[in-house]
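Summary of structural features
So the chains spell out like this:
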Amino acid sequence: MGIGTRRRIKVQAATLMMSFGVLLSGCIRNPLHENEITQTETGFDHLISVGFSQLGSESVWRSANTVSIQDTLTRDNGYFLIYNNARQKQENQIKAIRSFISQRVDVIVFSPLTEEGWDTVLQEAFDAGIPVITSDRQVHVAKEELVTAWVGGDMELEGEKAALWMQEHLGEKTPLDIVVLTGTEGSSAAEGRSKGFHKVADAFPAWNILEEKSGDFTMAKGKEIMEEFLSSYEGIDVLVSQNDDMTFGAIEAMEERGIVPGQDITIISFDAVKKALEMVRDGKINVDVECSPLLGPDISRLITAILQKEHFEKDNPVEELVFTKDNVEAYLDSRTY
Ligand code: GYE
């Protein structure tokens, strides 16, 4: 090895160590205790540190949700945000929450991948005196006080709205062969939408649910499972798809077989992202039940209320609409995601 190469390696090692040092100090720095700011948007004289564990980036909805939270919890708005993407793994979320606890953040916000399995880590947050807000999805915990507040869409109501649209537009006495693409197993989003749908659909014997299978809220999986459905069953009348990404995949699968989406098969979707609303306008999706990802401002309001010990509701469902060809035009331009 020549002297030049050796020196280059040394310089690189030194740079690495320096950036590691910066990284490290960045990690343990807790701006809450620096008192460097005189007055912030939140009314506090210091930045509020928030640890946010996002469950992944599986869908258009999820990306819009992440952006909404990152764009709201900014330094300019009085926050120091520590963001972690768990890439669809509960153990990554648990790890992230533990690191937020050890960094002594003021608040933990997280969107739980699944409902079960949070008691231990949330007890640790509780014991450390850190309030926890669940955003979007919900958890099942033995002790209610482990979650300070929740904000998100009412998934059960969304499922009910889908079935009520079918009842009104297709008829409860019409024999229908139905397939359902469900979301991530064990998630409150999938469980809630299924529960709400069944609440209505189970009362109508003419509606025949052929199969319900998880497409994990992704386009690729949605396409794969729809292909399976189309190979297994002839004459499917209705597809209920628990999010738009799976719907996009399912539509591809249909079109590849010469099936006209929205006509040959009635399509019911959830989320109502812009690309899906355009498909509602074009008649490919018959109805899209809205679920709003723009939760940043609500989360910010909750955080300040909790820390200022003002009144706040524990459960905060957001208002959501139902889109069909009849009303979609008015909402298309303003859709940002
Ligand atoms: O419908 C889907 C996302 O939990 C409501 O998760 C959310 C769901 C949403 O991946 O697109």
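Numbering of residues starts from 1 in each chain and follows the order in which that chain's sequence is written. Under the rules for a predicted model, residues below a pLDDT of 70 receive no local features and side-chain atom pairs below 80 are neither given nor counted, while totals for whole chains, interfaces and linings still include all residues. Where side-chain values are given, they derive from all heavy atoms of the structure, hydrogens and water being excluded.

Notes on the pattern of salt bridges
Side-chain pairing between opposite charges can occur once the charged atoms of the two side chains come close. By salt bridge we mean one thing: a side-chain nitrogen of Lys or Arg within 4 Å of a carboxyl oxygen of Asp or Glu. Under the criterion given, the structure shown has 17 salt bridges. We note a salt bridge from Glu252 to Lys223, for which the minimum N-O separation is 2.9 Å. Residue Glu252 is located in helix α8 (residues 244-256), and its partner Lys223 is located in helix α7 (residues 219-232); the two are separated by 29 residues in the primary sequence. Here the residues in one salt-bridge network are Glu58, Arg62, Asp136 and Arg137, joined through shared partners. A run of H or I in DSSP counts as a helix once it spans at least four residues, and a run of E counts as a strand once it spans at least two, with each numbered from the N terminus.

With respect to the pairing of strand β5 (residues 149-152)
The rule is simple: take the accessible area with a 1.4 Å probe, protein chains only, and divide by the maximum for that residue type; under 20% is buried, over 50% is exposed, in between is partly exposed. Residues of β5 alternate between two faces, with Ala149 and Val151 on one and Trp150 and Gly152 on the opposite face, all of them buried. Bridge count for strand β4 (residues 132-135) against β5 is three bridges, and the pairing is parallel. Counterpart to Ile133 in the pairing with β5 is Ala149. Only strands that DSSP links by at least two bridges are regarded as paired with each other. With three bridges joining them, β5 and strand β11 (residues 315-317) adopt parallel strand pairing. Each residue of the ladder has a partner; that of Trp150, found in β11, is Asp315.

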